Amino acid sequence: MTIKILFSANNENWKRYKAPLQDALDNKSLDYELGRTITPCEVDYIIYAPSSSLQDFSPYAKLKAVLNLWAGVEGVTNNKTLKVPLARMVDSGLTDGMVEWVTGHTLRHHLGIDKHIHGQDGIWRSYVPPLAKDRIVTILGLGTLGTACGIALKRLGFNVRGWSRREKRVDGIICFYGDDQVDSSLMDADIVVLLLPDTPLTQNILNQHTLNLLKRGAFVLNPGRGPLIDDDALLAALDSGQIEHATLDVFRIEPLPQNHQYWSNNKVTVIPHKASETRPKTASQVIAMNIERAENGQELLYLVDRENGY
Ligand code: NDP
């Protein structure tokens, strides 16, 4: 029987993904039909972007699984019409991109590169940054991306801490877990990196209280999700000097409205949700592997725990 795979994302993504998906599915020797228009009751799998127009899964009577194109699933995990397993995206290209983004921006702030880029004014500055081993970097969210970033930062010499929901051990990283330990993970940190999913329990995790635990003049990097930060608390902390700079890739409303205070605050770097993207070639291999697994009766990789929202 031909496996029918619906690609439910916009045109631009279809153009990027069509050929890599076909290559990856061909390599698995699957008998399949891949397209953007398949009669709903015949669809076996949906490759899905939560921003697509498909929001009601009930007509997809034969559906076996939904394979999310992105790592973040907050746009689909609460969809009550979705009754089949949902896999999130774990893609080596996406992970590599995030490691590059997080290490790059950490080094930017650690080395004080901005002082020189914006300080071409004839003043011979005497600023000497501390060594990486004397900087504490706390990563909130020690999952696929947070762990890879933590390992890379450790390799650069930073004193790395991580925080997750469940207990974890990662070589070289001081691991904290659970609500009781979030404060300890942030205490006196120089740089905090947010790589948590957006769930009811993670929203506003960076707030007035937690911002005040960081070392005075700390840096905030948010490539996770906008709702992780209490924006008013962050703006106040930037104003008071508690936070020296925030580099933000994600926001509660995207695109960030033109009149938002973040745009005009010179202690904030706004990046238009480009920290890291799913890469069609590697992501297609993951999708094909998951379809092959499902067809062989194996559990999907990277299943979303819908109760916990990630
Ligand atoms: P994972 O699911 O692998 O990791 C999530 C981490 O968050 C885990 O360590 C998990 O803990 C932890 N966590 C979740 N809830 C809590 C909680 N209540 N308390 C403490 N820790 C918690 O996700 P990824 O690493 O793949 O991705 C992380 C996020 O990065 C995505 O959800 C997405 O929002 C964002 N992202 C942003 C991109 C961008 O371009 N800006 C690109 C890709 C992803 P535990 O390990 O115990 O489960």
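Details of the structure are given in the entry above.
Definitions and limits used
- In this numbering scheme, every chain counts its residues from 1 along its sequence in written order.
- Per-residue local features are limited, in this predicted model, to residues with pLDDT of at least 70; the limit for side-chain atom pairs, both in listing and counting, is 80 or more; totals at the level of whole chains, interfaces and linings are taken over all residues.
- To obtain the side-chain values, all non-hydrogen atoms of the structure were included, while hydrogens and water were left out.
- For this analysis, a salt bridge means a side-chain nitrogen from Lys or Arg found within 4 Å of a carboxyl oxygen belonging to Asp or Glu.
- Each helix corresponds to a stretch of at least 4 residues labelled H or I by DSSP, and each strand to a stretch of at least 2 residues labelled E; elements are numbered beginning at the N terminus.
- Note on classification: 1.4 Å probe, protein chains only; a residue is buried when its accessible area is under 20% of the maximum for its type, exposed when over 50%, partly exposed between these limits.
- What makes two strands pair is DSSP finding at least two bridges between them.
- Residue contacts are counted whenever heavy atoms from the two residues lie within 4.5 Å of one another.
- Every angle, taken between N-to-C directions, lies between 0 and 180 degrees, and every axis is a line fitted to C-alpha atoms, over only the stretch in contact when it is a helix.
- In protein, a polar contact means a hydrogen-donor-capable atom and an acceptor-capable atom, both N or O and within 3.5 Å, with residues adjacent in sequence counting only if both atoms are side-chain atoms; elsewhere, any N or O pair within 3.5 Å suffices.

Caption draft 1: Summary view of the pattern of salt bridges. What the rule picks out here adds up to 14 salt bridges. Note that Asp44 and Lys64 form a salt bridge whose closest N and O atoms lie 3.6 Å from each other. Highlighted residues: Asp44 in the loop between strand S2 (32-35) and strand S3 (45-48) and Lys64 in the loop between S3 and strand S4 (65-68), separated in sequence by 20 residues. Taking relative accessible area as the criterion, Lys64 reaches 37% and is therefore assigned partly exposed. Lys215 serves as the salt-bridge partner of Asp190, at 3.3 Å between the closest nitrogen and oxygen. In this pair, Asp190 sits in the loop between helix H5 (182-186) and strand S9 (191-194) while Lys215 sits in the loop between helix H6 (208-213) and strand S10 (218-222), placing the two residues 25 residues apart along the sequence.

Caption draft 2: Local environment of the sheet that holds S2. The five strands lie next to each other as S2-S1-S3-S4-S5, forming an open sheet whose pairing is parallel. On the outer flanks of this sheet lie S2 and strand S5 (86-87), each paired with one strand and no other. Two elements, S4 and S5, share two bridges in a ladder whose sense is parallel. Bridge pairing in S5 places Val66 opposite Leu86. Sheet strands in contact with helix H1 (residues 11-27) are strand S1 (3-8), S2 and S3, and its direction is about 170° off that of S2.

Caption draft 3: Representation of the environment of Tyr48 within the structure. Following the sequence through the fold, Tyr48 ends up in strand S3. Remark: the alpha-carbon pair of Tyr48 and Asn11, spanning 37 residues in sequence, is separated by 13 Å. If we ignore the near neighbours within four places in the chain, the residues touching Tyr48 are Ser8, Leu54, Gln55, Phe57, Val66, Leu67, Asn68, Leu69 and Val76. At 2.6 Å, the side chain of Tyr48 and the backbone oxygen of Leu54 are in polar contact. Of note is the side chain of Tyr48, whose polar atom sits 3.5 Å from the side chain of Gln55.

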